[in-house]
Amino acid sequence: MGLDLLDTPVRLTWDFPAIVSGDRATGQSGVSLPAIANSIIDGGVFFVTLQNDPLLHPAVGAVLNILAGGCQLIINCRGSSDELARLSQLPQAGCQLLLDTSGFIDVKQKLDSDKLKTTVQALRRLEYEPVISLMPLQDNLCNIPDLLRFCRAHQISKFKLPNAHIGDSVHTYSTDDLPRWQNLDSFRKSWLEFVKEPCKLPAMEIHDLFLWEIMTPGQQQNRSEYGGCQAGNSLGHIDGRGVVHPCAAWPQPLGKLPDQSLEDVWAGRERLAVREHVAQTPGGCLGCRDIDICFGGCRGLAFQLNRSEKERDLMCSGPR
Amino acid sequence: MNKPLRNPEIVWRVEKRRQAEVLKALETGEDVADTGTVILLLSGMMHQLNLIGGMIWEQCDGQKTLADIAGELAKEFSVEQAEVESDVAEFVADLAERGWLINE
């Protein structure tokens, strides 16, 4: 039974508008976040991940009040003192807290475990059980085993490697920093060394198919219902201006909330064109024996950044 | 299972646009058995139910008996209740075995 062309997305990531100096008190971004939150609720979305320092935004309380009425909420947090202070003021809404650990890794790629431990303890005092999260970049792949050791030592139950954000002004890394297939060999070696250590791994949510393949060998059957890239189908992204995109890794305006409803955006030509694009096998995947397993992988990144390789996934070295 | 109840751990929704399309297609005699109108998310996996399955799913509120559900379905499609009872029972048993329905 086809899973394509849903009425609205099931999962949304939502970048809160950046708060520039002077806006912090008033939150004057020109965008009504509560109105966008109502559009999300009206659209019947199941999961919403709030990103880009949502806890620092003055409207976060109002947004949480609205979204908690119909969605399961995931909040990104860097673990700053301002964020912890805000969390202590908000009602514990049963949301999941994603602790972005990129700020706990220094320029020499050393993980500050002590600082991370202090932050986890502070969150636990506020009755939040954080998910340890790291957006994979070329330079930080080597930190994944360290983070999992940290999870083991501190009874963290879930570890997440989310997908990339590109095409916005929110994230500080360059698209050149994103991992490529050339980085996988060294990661594979360090991973194989790591798994020799006797340890119980936390539950892992790994967005990238090629990292997943390395980190969960023999688990192919668990992805048997994966139907390929979900950008613009069950997955969507809202930027800081309320503009809807197929995915955080596929910056392409499909419509704008709250001017349009999410249903109207998802019924629009732009969104349907994205799904038609996804339905085509990338030229760089022709003849590959695994195309029915990966379906071309991350189509957003491939479309934006790998057209010279006929839109093959950045992490794929070539047809198998 | 007498009064089936949807597993509260499953999030779900009716795909209204698709449901409308399926109902229209049904009027013209098209085969819509493989078209989903209700989506369910369970352990990160998305599943779909077709029109009839979705209608049964919607009725599984822990209050209605299998006979009540069959009656509603028979009314919707203008058929005798006896004609749909075994299909409803089979479908409910299948979902119960998967853990998607529980007994109230």
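Whatever comes next refers back to the structure up there.
A. Broad picture of the overall build of chain B. The secondary structure content of chain B amounts to four helices and five strands. Starting at the N terminus and walking to the C terminus, you meet the elements of chain B as β-β-α-β-β-α-α-α-β. Computed over its C-alpha atoms, the radius of gyration of chain B comes to 13 Å, within 12% of the 13 Å expected for a compact globule of 104 residues. When the backbone C-alpha atoms are referred to their principal axes, chain B occupies close to 35 × 35 × 20 Å. A separation of at least 24 residues holds for 49% of the contacts in chain B among residues at least 6 apart in sequence.

B. Inspection of the overall build of chain A at higher detail. Counting secondary structure elements, chain A contains 11 helices and 10 strands. Here the C-alpha atoms of chain A give a radius of gyration of 20 Å, agreeing with the 20 Å that 2.2 N^0.38 yields for 320 residues. Along the longest, intermediate and shortest principal axes, the C-alpha atoms of chain A span 55 × 50 × 35 Å. The buried share among the 320 residues of chain A stands at 40%. If you take every contact in chain A between residues at least 6 apart in sequence, the share linking residues at least 24 apart comes to 72%.

C. Looking closely at the pairing of strand E3 (residues 36-42) of chain B. Residues and elements named next belong to chain B. For E3, a buried count of five out of seven residues is recorded, marking the element as mostly surrounded by other parts of the structure. Across four bridges, strand E2 (residues 11-14) lies against E3 in antiparallel orientation. Note on E3: the bridge partner recorded for tryptophan 12 is leucine 40. Of the pairings in the sheet, the one linking E3 to strand E4 (residues 45-50) comprises six bridges and is antiparallel in character. Each residue of the ladder has a partner; that of valine 38, found in E4, is leucine 49. Hairpin connection of E3 to E4: two residues between the antiparallel strands, including serine 43 at a positive phi of 50 degrees.

D. The arrangement of the packing of helix H3 (residues 66-77) of chain B against helix H4 (residues 81-98) of chain B in detail. Residues and elements named next belong to chain B. Contact geometry for H3 and H4: axes closest at 8 Å, N-to-C directions at 125 degrees. Our classification of the angle between H3 and H4 gives oblique. Crossing of H3 against H4: the hand is right-handed. From H3, Leu66, Ile69, Ala70, Gly71, Leu73 and Ala74 reach across to H4, where they touch Gln81, Glu83, Val84, Glu85, Val88, Ala89 and Val92.

E. A look at the sheet that holds E4 of chain B. Residues and elements named next belong to chain B. With antiparallel pairing, the three strands of this open sheet are ordered in space as E2-E3-E4. For this open sheet the edge positions go to E2 and E4, each flanked by a neighbour on one side alone. Ignoring strand direction, the axes of neighbouring strands in this sheet form an average angle of 20 degrees. Against the sheet, helix H1 (residues 16-27) engages E2 and E3, with an angle of about 145 degrees to E3.

F. Fine view of unusual backbone geometry. Geometrically, the link from leucine 257 of chain A to proline 258 of chain A is a cis peptide bond, its omega value of 0 degrees lying close to zero. Within the element layout of this structure, proline 258 of chain A appears in the loop between strand E10 (255-256) and helix H8 (262-266). Phi is positive for asparagine 52 of chain A, close to 65 degrees, though the residue is something other than glycine. Tracing the backbone shows asparagine 52 of chain A in the loop between strand E2 (47-51) and helix H2 (60-67). Residue class for asparagine 52 of chain A comes out buried when judged on the 21 C-beta atoms lying within 10 Å of it. With phi around 50 degrees, serine 78 of chain B is a residue other than glycine that occupies positive phi space. With respect to the helices and strands, the residue serine 78 of chain B is situated in the loop between H3 and H4.

G. Layout of the sheet that holds strand E8 (residues 235-238) of chain A. All names here are of chain A. A sheet is described by the order of its strands in space; here 10 strands give the open sequence E7-E6-E5-E4-E3-E2-E1-E8-E9-E10, paired in mixed fashion. The outermost strands of the open sheet, each flanked by one partner alone, are strand E7 (203-206) and E10. One ladder, built from four bridges, connects strand E1 (residues 11-15) with E8; its direction is parallel. Counterpart to arginine 11 in the pairing with E8 is leucine 235.

H. Here's a closer look at the nonpolar core. Ranked by internal contacts, the top residues of the largest apolar core, which has 98 residues, are Ile40, Val48, Ile132 and Leu147 of chain A together with Ile56 and Val88 of chain B. Apart from residues lying up to four places away in sequence, isoleucine 132 of chain A is in contact with Leu99, Thr101, Leu147, Phe150, Cys151, Ile156 and Phe159 of chain A.

I. Up close: the interface of chain B and chain A. Opposite the 14 residues of chain B that make contact, chain A presents 10 residues. Listed by contribution, the elements that provide at least two residues to the side of chain B that touches chain A are E2, H1, E3 and E4 of chain B. The leading source of residues in the side of chain B that touches chain A is E4 of chain B, at four residues. Looking at the side of chain B that touches chain A residue by residue, the class counts come to five nonpolar, three polar and six charged.

J. Structural view of helix H1 (residues 33-42) of chain A. Regarding H1 of chain A, the residues found buried are Leu33, Ile36, Ala37, Ser39 and Ile40 of chain A. For H1 of chain A, the angular spread of the buried residues around the axis is 155 degrees, confining them to a single face.

K. Structural view of H4 of chain B. All names here are of chain B. Its 18 residues give H4 an end-to-end C-alpha distance of 26 Å, which sits within 8% of 26 Å, the value for a rise of 1.5 Å per residue. Of the surrounding elements, those touching the buried residues of H4 are strand E1 (4-6), helix H2 (51-59), H3 and strand E5 (101-103). Immediately downstream of H4, the backbone of glycine 99 shows phi near 85 degrees, a positive value.

About the thresholds
- Residues numbered from 1 in each chain as written.
- Chains lettered and ligands numbered in written order.
- Predicted model: local features only at pLDDT ≥ 70, side-chain atom pairs only at ≥ 80, totals over all residues.
- Helix = DSSP H or I, 4+ residues; strand = E, 2+ residues; numbered from the N terminus.
- Rg over C-alpha atoms; globule rule 2.2 N^0.38 Å.
- Contact = placed C-beta atoms within 7 Å.
- Buried ≥ 20, exposed ≤ 12 C-beta atoms within 10 Å, placed from the backbone.
- Pairing = 2+ DSSP bridges.
- Axes fitted to C-alpha atoms, helices over the stretch in contact; angles between N-to-C directions.
- Parallel < 35°, antiparallel > 145°, perpendicular 65-115°, else oblique.
- Left-handed = near helix turned anticlockwise from the far one by under 90°.
- Core = buried A, V, L, I, M, F, W, Y, C linked by C-beta atoms within 7 Å.
- Nonpolar A, V, L, I, M, F, W, Y, C, P; charged D, E, K, R; others polar.
- Arc of directions from axis to C-beta.
- Expected span 1.5 Å × (residues − 1).

That is the geometry; function is a separate question.
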